[in-house]
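Structure assessment
Given next are the chains, with one letter for each unit.
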Amino acid sequence: FFFLILILLYNSLSIAQSEDNLAYINLDTVIENSIYGKKVLSEIKLLNQENIQKLKNMENEIKSDENELNKKKNILSQKEFEKEFKKFEQKLSEFRKIKNKMTSDFKSQKNEKLNNFFLKINPIIQEYMDQKSIDILLRQENIFIGKSSADITKIIIEKINNVVDLK
């Protein structure tokens, strides 16, 4: 009995004394404040603005066509109006397809750029973790309360900014 209590006490002490070195990082801040992250975000923003401008131009053209069609409604015969209306519907359908394709392409390009960003900064983070003997790195969004000394966000941003290949 005494031997069993001694083993349990030893196990609980060893578990309590084993300390994994934990740290956390705010990846959004890393993207927003590192030079390379700002570059990636500006590329994504520029692509989005270009897509929005193209869609606005197409939308204005469709609205113009719709107004023209409404003006012709009382002038044209029923058959001619139906032909014009079918052309308009086809154009509207084509616009929706283009819009959906642009949205899909934008999402995939955005994901690709962000994935490339994380692939490039991963070795920097891994090297820092090895240097500081950090066993586990968590996202700050998943932390309820933690020591501010365990936050390595600023350090990682500085290390990313110092790497020439990423700029």
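Above this text sits the structure in question.
The present account deals with the structure reproduced in this document.

Conventions used here
- Residues numbered from 1 in each chain as written.
- Predicted model: local features only at pLDDT ≥ 70, side-chain atom pairs only at ≥ 80, totals over all residues.
- Heavy atoms only, no water.
- Phe/Tyr/Trp six-rings, centres within 6.5 Å; stacked < 30°, edge-to-face > 60°.
- Helix = DSSP H or I, 4+ residues; strand = E, 2+ residues; numbered from the N terminus.
- Buried < 20%, exposed > 50% of the residue type's maximum accessible area, 1.4 Å probe, protein only.
- Arc of directions from axis to C-beta.
- Contact = heavy atoms within 4.5 Å.
- Salt bridge = Lys/Arg side-chain N within 4 Å of Asp/Glu carboxyl O.

**Let's talk about the packing of aromatic side chains**
For the structure on display, the rule yields 4 aromatic pairs. When the centroid spacing of 6.5 Å and the interplanar angle of 35 degrees are considered together, the rings of Phe-85 and Phe-88 count as tilted. Residue Phe-85 and its partner Phe-88 are located together in helix α4 (residues 78-131), separated by 3 residues, close to a single helical turn. By relative accessible area, Phe-88 is classed as buried at 12%. Pairing Phe-117 with Phe-118 gives two aromatic rings, centres 5.2 Å apart and planes at 75 degrees, and the pair type is edge-to-face. On the basis of relative accessibility, which here comes to 0%, the residue Phe-117 falls in the buried class. Residue classification places Phe-118 among the partly exposed positions, given a relative accessible area of 29%. What links up through ring pairs into an aromatic cluster is the set Tyr-36, Phe-117 and Phe-118.

**Structural notes on helix α5 (residues 153-162)**
Taken together, the buried positions of α5 are occupied by Thr-153, Ile-156, Ile-157, Ile-160 and Asn-161. Mapping the buried residues of α5 onto a view down its axis gives an arc of 135 degrees, with all of them on the same face. In this structure, α5 carries Lys-154 and Asn-162 as exposed residues pointing more than 90 degrees from its buried face. Taken together, the buried residues of α5 touch β1 (22-25), α2 (27-33), α3 (35-72) and α4.

**What about the pattern of salt bridges?**
Evaluated as defined, the whole model comprises 6 salt bridges. Note that Lys-91 is salt-bridged to Asp-65, the shortest N-O span being 2.5 Å. Taken together, the residues Lys-91 in helix α4 and Asp-65 in helix α3 connect sequence positions 26 residues apart. Owing to a relative accessible area of 33%, Lys-91 belongs among the partly exposed residues under this scheme. A salt bridge links Asp-105 to Lys-101, with the shortest nitrogen-to-oxygen separation between them at 3.0 Å. Placement of both Asp-105 and Lys-101 in helix α4 is noted, with a separation of 4 residues, approximately one turn of the helix. Judged by relative accessible area, which is 32%, Asp-105 ranks as partly exposed. Where salt bridges share partners, they join Glu-61, Asp-65 and Lys-91 into one cluster.

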